[in-house]
Amino acid sequence: MSSRTSPVARQIAIRRAVPRDAKRLTRLVRGSGAYAGMYASAVKGYRVGPDYIEAHRSFVAVGGEEDGGRVLGFYSLVLAPPELDLLFVADEAQGRGIGRLLVEHMRSEARAAGLDRVKVVSHRPAEDFYHRVGAVRTGTALANPPAVPWDRSEFEFRIPQERLSDGVAG
């Protein structure tokens, strides 16, 4: 095993979401333990529809054999304005590096789209995660009752564009 390839990366496949994934993704959002209690109103009745999947760069993390090939997480990247709109990992799959893998994939997609930064608005339970995966806090999104009755932190992922090193023939 290469020291650069984590066991998770070899067991998880990331693929483009398709409209038939919509119900699974909706269940991931509504069933998220991070949105329990006071945060439940933000996802109550939330729906990830086939139209949403087709309109945005949405990708799913699919588990290997030991996970039965199930969808374990997903993200959606909105290009204009650039925002990581959704990022969820199934509660039972958290702590395995899947969220980090999805963020790395999102950064690659953002880079390929020519973006230099991607905004994300986070609720409190996810703030530490975004900080650990390299997002920088940039401000506060004010409450938007009744769905979101609390202020949320705004973060930004900076997306450096790859540069050719000197001496490379081109």
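Rules of the game
- Residues numbered from 1 in each chain as written.
- Predicted model: local features only at pLDDT ≥ 70, side-chain atom pairs only at ≥ 80, totals over all residues.
- Heavy atoms only, no water.
- Helix = DSSP H or I, 4+ residues; strand = E, 2+ residues; numbered from the N terminus.
- Buried < 20%, exposed > 50% of the residue type's maximum accessible area, 1.4 Å probe, protein only.
- Contact = heavy atoms within 4.5 Å.
- Areas by Shrake-Rupley, 256 points an atom, 1.4 Å probe, with all protein chains shown as cover.
- Polar contact = N/O pair within 3.5 Å; in protein donor to acceptor, adjacent residues only side chain to side chain.
- Salt bridge = Lys/Arg side-chain N within 4 Å of Asp/Glu carboxyl O.

**Student:** Can you help me understand the overall build of the chain in this one?
**Tutor:** In terms of helices and strands, the chain carries five helices and seven strands. Secondary structure elements in the chain, listed N-terminal to C-terminal, are α-β-α-α-β-β-β-α-β-α-β-β. Across the 170 residues that make up the chain, the buried fraction comes to 39%. For the chain, contacts bridging at least 24 residues in sequence account for 63% of all contacts bridging at least 6. Within the structure as shown, the chain displays about 9900 Å² of accessible surface, and the carbon and sulfur contribution to it stands at 49%.

**Student:** Can you walk me through the side chain of S153 in this structure?
**Tutor:** By secondary structure assignment, the location of S153 is in strand 7 (residues 152-158). A relative accessible area of 4% places S153 in the buried class. Of note is the side chain of S153, whose polar atom sits 2.6 Å from the side chain of E127. In contact with S153, not counting residues within four places along its chain, are V120, V121, S122, E127, R137 and G139.

**Student:** Explanation requested: the pattern of salt bridges in the structure shown.
**Tutor:** Between side chains of opposite charge, a pair can form as their charged atoms come close. The tally for this structure, following the rule as stated, stands at nine salt bridges. The shortest N-O distance in the salt bridge between R117 and E156 comes to 2.7 Å. One end of the pair, R117, is in strand 5 (residues 117-122); the other, E156, is in strand 7, with 39 residues separating them in the sequence. Accessibility expressed as a relative area gives 14% for E156, which makes it buried.

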